[in-house]
Amino acid sequence: LGNLIPDEIITQLVLRRLKSSECIEKGWILDGFPRTYAQAMALQDAGVQPEAFLFLNVPNEIAIQRVVGRRTDPVTGKSYHVKFKPPQNDEKLLRRLIV
């Protein structure tokens, strides 16, 4: 538990997806990738050229608050946040939410 997927495997998966017709037609956003120099070089070697980069400079306290408040309903797959997007007051729903 807790280990990252090896660079070679994750890079192959990402490159395969980026070559899909959906990504070619609609575009794509990479969130948290590349994480390593090797991943970045693999993207470059494959000819992947992003048009723009976004860097979100968020204080650690805010980032932590956003992450620790997330909840997911395993039945519907819907995402909630205890402060910013709380679930409806439904006891069955509240009991099954997972962190």
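See the structure printed just above.
Residues numbered from 1 in each chain as written. Predicted model: local features only at pLDDT ≥ 70, side-chain atom pairs only at ≥ 80, totals over all residues. Heavy atoms only, no water.

**Q** How do you make sense of the side chain of T11 when you look at a structure like this?
**A** Position of T11 relative to the elements: it lies in helix α1 (residues 7-18). A distance of 2.7 Å separates the side chain of T11 from the backbone oxygen of D7, its partner in a polar contact. Every residue in contact with T11, bar those within four places of it in the chain, is listed here: F33, Q39 and A42. (Helix = DSSP H or I, 4+ residues; strand = E, 2+ residues; numbered from the N terminus. Polar contact = N/O pair within 3.5 Å; in protein donor to acceptor, adjacent residues only side chain to side chain. Contact = heavy atoms within 4.5 Å.)

**Q** Looking at this model, I keep getting lost on the environment of L93. Mind explaining?
**A** As for its position among the elements, L93 is in helix α5 (residues 91-96). Discounting chain neighbours no more than four positions away, the residues touching L93 are D73, Y80, P87 and Q88.

**Q** Would you take a moment to explain α1 for this structure?
**A** In an α-helix, one turn spans 3.6 residues; hence positions three or four apart end up facing the same way. Relative to the 16 Å expected for 12 residues at 1.5 Å per residue, α1 spans 16 Å between its end C-alpha atoms, a close match to the ideal helical length. When we look at burial in α1, the residues that qualify are T11, V14, L15 and L18. Looking down the long axis of α1, one finds its buried residues gathered within 100° of arc, a one-sided arrangement. Across α1 from its buried face, at more than 90 degrees, point the exposed residues Q12 and R16. Looking at the buried side of α1, the elements it contacts are α2 (21-26) and α3 (37-45). (Expected span 1.5 Å × (residues − 1). Buried < 20%, exposed > 50% of the residue type's maximum accessible area, 1.4 Å probe, protein only. Arc of directions from axis to C-beta.)

**Q** I tried to follow the nonpolar core on my own but got confused; where do I start?
**A** The nonpolar side chains of a soluble globular protein tend to be buried with one another. Residues V14, L15, L18, F33, L43 and V48 constitute the largest nonpolar core, which totals six residues. Top contributing element to this core by residue count: α1, with three residues. For L15, the contacting residues outside a window of four places in its chain are A42, L43, A46 and V48. (Core = buried A, V, L, I, M, F, W, Y, C linked by side-chain atoms within 4.5 Å.)

**Q** Any chance you could explain the pattern of salt bridges here in plain terms?
**A** If charged atoms from side chains of opposite charge come close, those side chains can pair. Considering all chains together, one arrives at two salt bridges under this definition. As a salt-bridge pair, R17 and E22 come within 2.5 Å of each other at their nearest N and O atoms. What makes R17 partly exposed here is its relative accessible area of 42%. The exposure class of E22 is partly exposed, given its relative accessible area of 36%. Its salt-bridge partner being R96, residue D73 comes within 2.7 Å of it at the nearest N-O pair. Of this pair, D73 sits in the loop between β1 (70-72) and β2 (79-81) while R96 sits in helix α5, and the two are 23 residues apart along the sequence. (Salt bridge = Lys/Arg side-chain N within 4 Å of Asp/Glu carboxyl O.)

**Q** Which parts of the structure should I look at to understand the side chain of H81?
**A** Along the chain, H81 turns up in strand β2. Residue classification places H81 among the buried residues on the basis of a relative accessible area of 7%. Among the polar contacts made by the side chain of H81, one reaches the main-chain carbonyl oxygen of R66 at a distance of 3.2 Å. A distance of 3.2 Å separates a polar atom in the side chain of H81 from the backbone nitrogen of F84. With residues up to four places along the chain from it excluded, the contact list for H81 reads Q65, R66, G69, R70 and P86.

Taken by themselves, the reported measurements are silent on function.
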